[in-house]
Amino acid sequence: MITDSLEDYVEAHTSPEDKVLQDLRRKTNLYTTMPRQLSGPVQGKLMEMFSRMISPKYILEIGTFTGYSAYCLSKGLVNGGELHTFEIRDEYEDHIRQFFERANVSDKIFLHIGDAELLVPKMNIKFDLVFIDGDKRQYPAYYKTVFDKVNVGGYILIDNVLWYDKVVSEIDSKDLYTKGILELNDMVQNDNRVDNVLIPIRDGLTVVRKISD
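Residues numbered from 1 in each chain as written. Predicted model: local features only at pLDDT ≥ 70, side-chain atom pairs only at ≥ 80, totals over all residues. Heavy atoms only, no water.

Visitor: Any chance you could break down the overall build of the chain for me, citing the residues and the numbers?
Guide: What the chain contains, in helices and strands, is 8 helices and 7 strands. In terms of C-alpha radius of gyration, the chain reaches 16 Å, essentially the compact-globule figure of 17 Å for 213 residues. Taken over the C-alpha atoms alone, the chain extends approximately 45 × 40 × 35 Å along its principal axes. The buried share of the chain, reckoned over its 213 residues, is 47%. Per element, the accessible surface of the chain, about 11,000 Å² overall, is 50% carbon and sulfur. Charge-centre separation for the chain: the mean point of 26 positive side chains lies 3 Å from the mean point of 34 negative side chains. (Helix = DSSP H or I, 4+ residues; strand = E, 2+ residues; numbered from the N terminus. Rg over C-alpha atoms; globule rule 2.2 N^0.38 Å. Buried < 20%, exposed > 50% of the residue type's maximum accessible area, 1.4 Å probe, protein only. Areas by Shrake-Rupley, 256 points an atom, 1.4 Å probe, with all protein chains shown as cover. Lys, Arg positive; Asp, Glu negative; His and termini not counted. Charge placed at Lys NZ, Arg CZ, Asp CG, Glu CD.)

Visitor: An account of the sheet that holds strand β1 (residues 58–62) is needed here, citing residue identities and associated values.
Guide: Strand order in this open sheet of 7 strands is β3-β2-β1-β4-β5-β7-β6, and the pairing throughout is mixed. Looking at which strands have only one partner, the edges of the open sheet turn out to be β3 (109–113) and β6 (194–199). On average, each strand axis in the sheet is tilted by 15° relative to the strand beside it, whichever way the strands run. Each of β2 (82–87) and β3 touches helix α5 (residues 93–102); the most contacted strand, β3, lies at about 175° to it. In this fold helix α8 (residues 176–189) packs onto β5 (150–159), β6 and β7 (205–210), with an angle of close to 135° to the strand it touches most, β6. (Pairing = 2+ DSSP bridges. Axes fitted to C-alpha atoms, helices over the stretch in contact; angles between N-to-C directions. Contact = heavy atoms within 4.5 Å.)

Visitor: Report on the packing of helix α7 (residues 139–147) against α8, specifying residues and quantitative values.
Guide: Interhelical geometry of α7 versus α8 gives an angle of 40° and a closest axis separation of 7 Å. Viewed along their axes, α7 and α8 adopt a mutual orientation that is oblique. On the side of α7, the interface is formed by Tyr139, Pro140, Tyr143 and Lys144, while α8 contributes Gly180, Ile181, Glu183, Leu184, Met187 and Val188. (Parallel < 35°, antiparallel > 145°, perpendicular 65-115°, else oblique.)

Visitor: Give a detailed account of the pairing of β7, specifying residues and quantitative values.
Guide: With respect to burial, β7 is a largely interior element, 5 of its 6 residues being buried. Where β5 and β7 come together, 5 bridges link them in antiparallel fashion. Pairing of Leu157 across the sheet is with Val207, part of β7. Here β6 runs beside β7; their pairing, made up of 6 bridges, is antiparallel. From the neighbouring strand, Val194 faces β7, where its bridge partner is Lys210. The antiparallel pairing of β6 with β7 creates a hairpin that spans 5 residues between the two strands, and Arg202 there sits at a positive phi of about 50°.

Visitor: Give me the nonpolar core: which residues, what numbers.
Guide: In this structure, Leu73, Leu83, Phe99, Phe100 and Leu157 are the most contacted members of the largest nonpolar core, which totals 29 residues. Elements supplying a minimum of two residues to this core: α2 (19–31), α3 (41–54), α4 (68–74), α5, β3, β4 (127–132) and β7. Top contributing element to this core by residue count: α4, with 5 residues. Among residues more than four places away in sequence, those in contact with Leu73 are Met47, Ser51, Ile59, Glu61, Leu83, Leu129, Phe131 and Leu157. Counting 26 residues, the second largest nonpolar core, distinct from the first, contains Ile125, Ile132, Val150 and Val208. (Core = buried A, V, L, I, M, F, W, Y, C linked by side-chain atoms within 4.5 Å.)

Visitor: How would you summarise the side chain of Thr28 if you had to cite specific residues and measurements?
Guide: Looking at where Thr28 falls in the secondary structure, it is placed in helix α2. Engagement of the side chain of Thr28 in a polar contact is seen with the side chain of Thr66, the distance being 3.0 Å. Residue contacts for Thr28: discarding those within four places in its chain leaves Pro35, Leu38, Phe65 and Thr66. (Polar contact = N/O pair within 3.5 Å; in protein donor to acceptor, adjacent residues only side chain to side chain.)

Dropping the structure here:
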């Protein structure tokens, strides 16, 4: 596991957050009970870089939290592009919408409150980039749900795939969160329709490229 001092060094040698992201991170730490769910400056910049390289027209995100990762990903959208983000916890809605308005991205980031597993199949959109960071128990279901919605050549990013190192530890039979991630990791690894790489950044980020339907 990366040490705190090395993590500080990595952040010090990564382009800094803009003022809007700095304020969002500060408020997330002050006003939410699980601020570690936020992507943070290094992973946020990495996702921004991925998005800029891909230049997607349509992005899908499952798990908005306070909106940090959605804003980072939206920076790579082509003109007229859209990012659709799903958050099941409605208590975050006002905060998220206020942040998107302040960041001047309300015209391209569309917040949906509800269960992505039920709502995404109803969307008549094919996505170039997907970010999965929702309920870990539902990770296998999310992967199955989004796969047909991704264009061939498109990408799926999946967060927390190392789950605080629990993926290489003996787990409790009742630990449905770790089981969900383990099942997802094996599902991706055994899927001959994709190329994939697991990057050990923060809590693990898997990058999946869809090569066939």
